[in-house]
Amino acid sequence: MTAIGTVSRPAHSPSMVSASGQVALRALRKYIRTPGLSVMGVVQSVMFLFSFRYVFGGAIHAGATSYVDFLVPAYVASIVLFTGGGIAVAVAEDKVQGFTDRLLSLPVSRYSLVLGRTIADSTTNVWSILSTAAFGFLFGFRLPGSWQDGIAAFGLCVAYAVVFTIVFIVMGLFAPNAQAAQGMSLIAFVFAFISSAYVPATSMPGWLQPFSKYQPITPMVDAVRSVLTGTTSDVGLALAWCALLVVVFTPIAVLRYRRA
Amino acid sequence: MRTDSRPLIEARGVTVRFGKITALNRLELTAEAGQVLAVLGPNGAGKTTFVRCLATLVRPSNGELRVRGQDVVRDAARVRKDIGLAGQFAAVEPTMTGRENLEMTARLFGHGGAAARRAAAAIIEQLDLDEVADRRSSTYSGGQRRRLDLGASLVGSPRLLLLDEPTTGLDPVSRSEVWAAVRGLAAAGTDILLTTHYLDEADQLADQVVVIDHGRVIAAGPLSELKASIGQDVIEVVVSDAEQLSAAALIVAQVTSGQARQEPTGQRVSAPAPGGPGQLGEVIALLAAASVAVDEIGLRRPTLDEAFLALTGAADSTDNSLAPAGLTRIGSTS
């Protein structure tokens, strides 16, 4: 019964960097070691992309560009809206299963809970972005501009992933359980589908167009399309939306974690 | 800092409301360091809420709650450095190994990388998890997972360990594994507060007991005195033939010179037996003489239900002379 003597009491609470790193590492391990998350997530994204490209695509007219070139940049840019349900579910599960309680009982900054989760889920989204983009190329997409433009567009997609990760964390924190989190995250589909991502907004009935025009996804996907061709229209508006969402949802997440 | 001279836990009028529900109702409690304290109570009594308050997860709506003199609301950050929490569900990451889980929690307590590895290794040895330490915790048995969870709350060497129903849902073998682990920790000098609704668990582990009902403390004191107050062992007889139930009840009542409780559905009679085994022998002899056929007969400890009945009954009554010496009985008018 002397073993306890070899466990010392830490002199200081962990730094925010260290604590965020541990929170992120654990979430990433869970993702990588659960094939249902890391592999099936990609399979699902690719199946959606396949259906749009080859099933619905033939019936959709995207103006001057071919449908695959219209679809793929927007699909990749908005992929976080499909994968985000998993984020909300993971956050809700942590809360219900006591993991969040354990974290909150430790001498850890509340910001590091949000920061760690955001780092982890943004990283998994980079994986989704890269893998769906790869399948996009396989399904016939070609960069309209230079590869540097491609990198810039990728950067925008990553920024969207970070922003919506925080939004989905908040959903998970407000959901009473994992099923409810899954249900709440379906609202993202409304924003994904009633936007210019999969069909030109002008093809929608007039009463629906204002929603499409003034919600964040339309300028976000239009900005990616624009950057790919070397122009910057809608980029400012898209980044403004990112900033707004971060400023609104980060404090909600931190406050909500406090009383989770 | 004078914190070491302060009580381990001090609760003054702690009230917690969730909407219209009052989970804790002006709870009063003082616990000194150097002991295992069991918080007993039925489901919904407020045990978990009290632990969550101590763990800084729930803020009291009213009242003051201190851990080693530090307020759980104003000094929450310092309280968190002093406590370790193992909640009702094992909060370990199933896709990580036992060692990875312990090292992660050690880092979150504030250990550096090397110190975290040392702490994890020490806990693995202490809680007898060597064989499974490098397997994913999803492969653990219920008892192993609970012990790992217990270990995770220990890697920061907390001054107060909070265990919320540490054995609920475990099979008997796992249960005794966890008990052994808790006993080992207590022997090594960790102060422990645990909640339970099993009297035998308190019996196995605790020095001091607090009984909570409806969000307030109804009895507090050393375990031995609580046991004395909730009465003697109980004689229980199950008759073969329901027709003979009242005959059996008469005999039991006569021997114990008290009230025998009859349960016609179970063909069961029970009564407190102040005379212990001697009276059991008398009952057996008289039942045989009266040709009452018996399926089952024995002497047992009162159940927690019976204990609560005794305690809540006494707490409601104004006659405090019923309270045994040494056991502080807290009435509803304070």
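This section reports on the structure supplied with the text. (Residues numbered from 1 in each chain as written. Chains lettered and ligands numbered in written order. Predicted model: local features only at pLDDT ≥ 70, side-chain atom pairs only at ≥ 80, totals over all residues.)

Glancing now at the pairing of strand E14 (residues 294-300) of chain B. All names here are of chain B. A small share of E14 lies buried, amounting to zero of its seven residues. In the sheet, strand E11 (residues 234-239) pairs with E14 via six bridges, with the strands oriented antiparallel. Counterpart to Val237 in the pairing with E14 is Ile297. (Buried ≥ 20, exposed ≤ 12 C-beta atoms within 10 Å, placed from the backbone. Helix = DSSP H or I, 4+ residues; strand = E, 2+ residues; numbered from the N terminus. Pairing = 2+ DSSP bridges.)

Counting residues in each nonpolar core, the largest one holds 152 residues, and the members touching the most others are Val224 of chain A together with Ala38, Leu54, Ile123, Val155 and Leu162 of chain B. For this core, the leading source of residues is helix H7 (residues 147-174) of chain A, giving 14 residues. In contact with Ala38 of chain B, not counting residues within four places along its chain, are Leu194, Thr196, Ala202, Leu205, Ala206 and Val209 of chain B. Formed by 17 residues, the second largest nonpolar core is a distinct cluster that contains Val239, Ala248, Val269 and Leu280 of chain B. (Core = buried A, V, L, I, M, F, W, Y, C linked by C-beta atoms within 7 Å. Contact = placed C-beta atoms within 7 Å.)

Turning next to the sheet that holds strand E5 (residues 70-71) of chain B. Residues and elements named next belong to chain B. Taken in spatial order, the four strands line up as E2-E1-E4-E5 in an open sheet, and their pairing is antiparallel. Looking along the sheet, the strands with just one partner apiece sit at the ends: strand E2 (21-31) and E5. Across seven bridges, strand E1 (residues 9-18) lies against E2 in antiparallel orientation. Across the sheet, residue Phe18 finds its bridge partner in E2, namely Ile21.

Okay, helix H5 (residues 142-152) of chain B next. Judged by how many residues are buried, H5 of chain B sits mostly within the fold: nine of eleven residues are covered. For H5 of chain B, the elements touching its buried residues are strand E6 (83-86), helix H3 (98-109), helix H4 (113-126) and helix H6 (172-187) of chain B.

Take the environment of Ala31 of chain B next. Residues and elements named next belong to chain B. Examined against the element boundaries, Ala31 turns out to sit in strand E2. What makes Ala31 buried here is the crowd of 20 C-beta atoms within 10 Å. Between the C-alpha atom of Ala31 and that of Val67, which follows or precedes it by 36 residues, the distance is 9.6 Å. With near-sequence residues (within four places) excluded, Ala31 lies in contact with Pro7, Leu8, Ile9, Leu37 and Gln208.

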